[in-house]
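Working through the structure, step by step
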Amino acid sequence: MISTVGRGTATGAGLASDQGGSGRDLTGYGGQWPDLRWPNGARLAVSLNINIEEGAEWQVGDGDPASERMGEVISVVEPGTRDPGQEQIFAYGTRAGFWRMLEALETRGMQATYLCCGRAVARSPALLTAALARGHEGAVHGWLWRPHADYRDRAAEAADLDRCIGAMTAAGGDRPVGFFCRGAESPWTRGLLIERGFLYTSNAFDDDLPYWDLSGAQPLVVVPYALDSNDMKFFHPNGFVRAGDMVDYVDDALEVLLAEAARGQPRLLNIGYHLRIVGRPGRFAAFSRVLDRLAGLGDRVWIAPRAAIAQAFATAVPAGL
């Protein structure tokens, strides 16, 4: 039985569902981890996450007020002016990177979660269709590649959330049950997810294990995400430079988490990728080598889509216990 200390039942993101509360949970499990084994008996779960954002980033050429500045380099085109170079940097992900990465996963028999922006899926539905046909999960990443914290009213956010769900189901998928947006959620996000029957949200960076948010009308699983073991650091100063930098970083994370798992502590490792980043030949080794490292661990890890991880946690650690 799990004690009342460290149940992991607070919001984690500092926002009570649909209420805009400012409370922060700095305790979490309080060092008292649930006695949780993942379905294959491992103590460490690994979530591979691939973002489909290309075509959903802000671009003046698409009618947006400004173009996304963060790409292979920081855009130097004057704000409000179309930036064809930036458009093409993103387009590389859908034209080339996606297929290279999909083949690598299929070769190794691994399943990932594709975090999907709705406008990107609407413009390139064949990508999500291909991923779903191979058993991967599709999760909502917002209609546009933007923070949901930017929404100023509930109705506008709800409309874009529904547009994303519609684009994903039109691509041949089941109704998505997971959510993660760029940046942060709004005060309404989790309430909107609960209303739509979502299983989990991932806008949380505060733990190495899923936990429950019980602040809304229904319990919602929080499957934390991570920005450190994420290929966006190739685009950040003082981040990854060569492919081996990311491989070594993930190796270090695995070493620590496997040691904790061996001591009976359940854990989750999140690894994030983007089509336009590790889809490039010079960085693709950061993807393929990590997959090979994971394959070599066998049953010491459980590699699964986020929906499966959320469901396994909900079954093993029921809400409120």
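Check the entry above for the structure.
Residues numbered from 1 in each chain as written. Predicted model: local features only at pLDDT ≥ 70, side-chain atom pairs only at ≥ 80, totals over all residues. Heavy atoms only, no water.

This brings us to the overall build of the protein chain. Looking only at helices and strands, the protein chain features eight helices and nine strands. Taking 2.2 N^0.38 as the reference for a compact globule, 321 residues should give roughly 20 Å; the C-alpha atoms of the protein chain span a radius of gyration of 19 Å, in line with that estimate. Each principal axis of the C-alpha atoms in the protein chain carries an extent, and together these give about 60 × 45 × 40 Å. Looking at the protein chain as a whole, 54% of its 321 residues are labelled buried. For the protein chain, contacts bridging at least 24 residues in sequence account for 70% of all contacts bridging at least 6. Charge centroids of the protein chain, computed over 31 positive and 38 negative side chains, lie 2 Å from each other. (Helix = DSSP H or I, 4+ residues; strand = E, 2+ residues; numbered from the N terminus. Rg over C-alpha atoms; globule rule 2.2 N^0.38 Å. Buried < 20%, exposed > 50% of the residue type's maximum accessible area, 1.4 Å probe, protein only. Contact = heavy atoms within 4.5 Å. Lys, Arg positive; Asp, Glu negative; His and termini not counted. Charge placed at Lys NZ, Arg CZ, Asp CG, Glu CD.)

This next bit is on the pattern of salt bridges. Counted by the stated rule, this structure contains 19 salt bridges. Arg276 is the salt-bridge partner of Glu54, the closest N and O atoms lying 2.9 Å from each other. Pair noted here: Glu54 is in the loop between strand E1 (44–52) and helix H1 (84–108) and Arg276 is in the loop between strand E8 (267–274) and helix H7 (281–296), with a separation of 222 residues, a long-range link. Here the two residues Glu54 and Arg276 agree in accessibility, since each one is buried. Between Arg283 and Glu72 there is a salt bridge; the shortest N-O distance is 2.9 Å. Placement of Arg283 in helix H7 and of Glu72 in the loop between E1 and H1 is noted, with a sequence separation of 211 residues between them. Judged by relative accessible area, Arg283 falls into the buried class, the value being 11%. (Salt bridge = Lys/Arg side-chain N within 4 Å of Asp/Glu carboxyl O.)

A word on the nonpolar core. Core analysis: the biggest nonpolar cluster contains 67 residues, and Leu48, Tyr114, Ile271, Tyr273 and Phe287 have the highest contact counts within it. Per element, the largest residue contribution to this core is nine residues, and it comes from helix H6 (residues 243–262). Sequence-distant contacts of Phe287, that is, excluding residues within four places in its chain, are made with Ile50, Met101, Ala104, Leu105, Tyr273 and Val278. Counting residues in hydrophobic clusters, the runner-up holds 27 residues, among them Leu209, Val222, Leu268 and Phe313. (Core = buried A, V, L, I, M, F, W, Y, C linked by side-chain atoms within 4.5 Å.)

This structure, assessed with the given rule, holds twelve aromatic pairs. Between Trp38 and Trp302 the ring centres are 5.8 Å apart and the planes differ by 20°, which places this aromatic pair in the stacked class. Placement of the pair is Trp38 in the segment before E1 and Trp302 in strand E9 (residues 301–303), with a sequence separation of 264 residues. Comparing Trp38 with Trp302 shows no difference in burial state: the two are buried. On the numbers, 4.7 Å between centres and 90° between planes, the contact of Tyr273 with Phe287 is edge-to-face. Residue Tyr273 is found in strand E8, and its partner Phe287 is found in helix H7; the two are separated by 14 residues along the sequence. The same class applies to Tyr273 and to Phe287, which are both buried. Among the aromatic side chains, those forming a connected cluster through ring pairs are Phe98, Trp99 and Tyr114. Over the face of the ring belonging to Trp33 we find Arg267, whose NZ or CZ atom lies 4.2 Å from the ring centre. Note that Arg280 overlies the ring of Tyr92, its terminal NZ or CZ placed 3.7 Å from the centroid. (Phe/Tyr/Trp six-rings, centres within 6.5 Å; stacked < 30°, edge-to-face > 60°. Lys NZ or Arg CZ within 6 Å of the ring centre and 35° of its normal.)

Further remarks concern the packing of H6 against H7. Look at H6 against H7: their axes get within 7 Å of each other, and the N-to-C directions meet at 25°. Relative to H7, H6 is oriented roughly parallel. Judged by the twist between their axes, the crossing of H6 over H7 is right-handed. In contact with Ala243, Gly244, Met246, Val247, Val250, Asp251 and Leu254 of H6, H7 contributes Gly282, Arg283, Ala285, Ala286, Arg289, Val290, Arg293 and Leu294. (Axes fitted to C-alpha atoms, helices over the stretch in contact; angles between N-to-C directions. Parallel < 35°, antiparallel > 145°, perpendicular 65-115°, else oblique. Left-handed = near helix turned anticlockwise from the far one by under 90°.)

To continue, consider the side chain of Asn270. Tracing the backbone shows Asn270 in strand E8. Of the polar contacts made by the side chain of Asn270, one reaches the backbone oxygen of Pro224; its length is 2.7 Å. (Polar contact = N/O pair within 3.5 Å; in protein donor to acceptor, adjacent residues only side chain to side chain.)

Its relative accessible area of 1% is what places Arg276 among the buried residues. Engagement of the side chain of Arg276 in a polar contact is seen with the side chain of Glu54, the distance being 2.9 Å.

This part takes up the pairing of E1. Among the nine residues that make up E1, nine are buried, leaving the element largely enclosed by the rest of the structure. Sheet topology note: the E1/E8 ladder contains eight bridges and is parallel. Residue pairing across strands places Val46 opposite Leu269, the latter belonging to E8. With three bridges connecting them, E1 and E9 associate as parallel partners. Within E9, the position partnered with Val46 by the bridge is Ile303. With four bridges joining them, E1 and strand E2 (residues 113–116) adopt parallel strand pairing. Note that in E2 the partner of Asn51 across the bridge is Leu115. (Pairing = 2+ DSSP bridges.)

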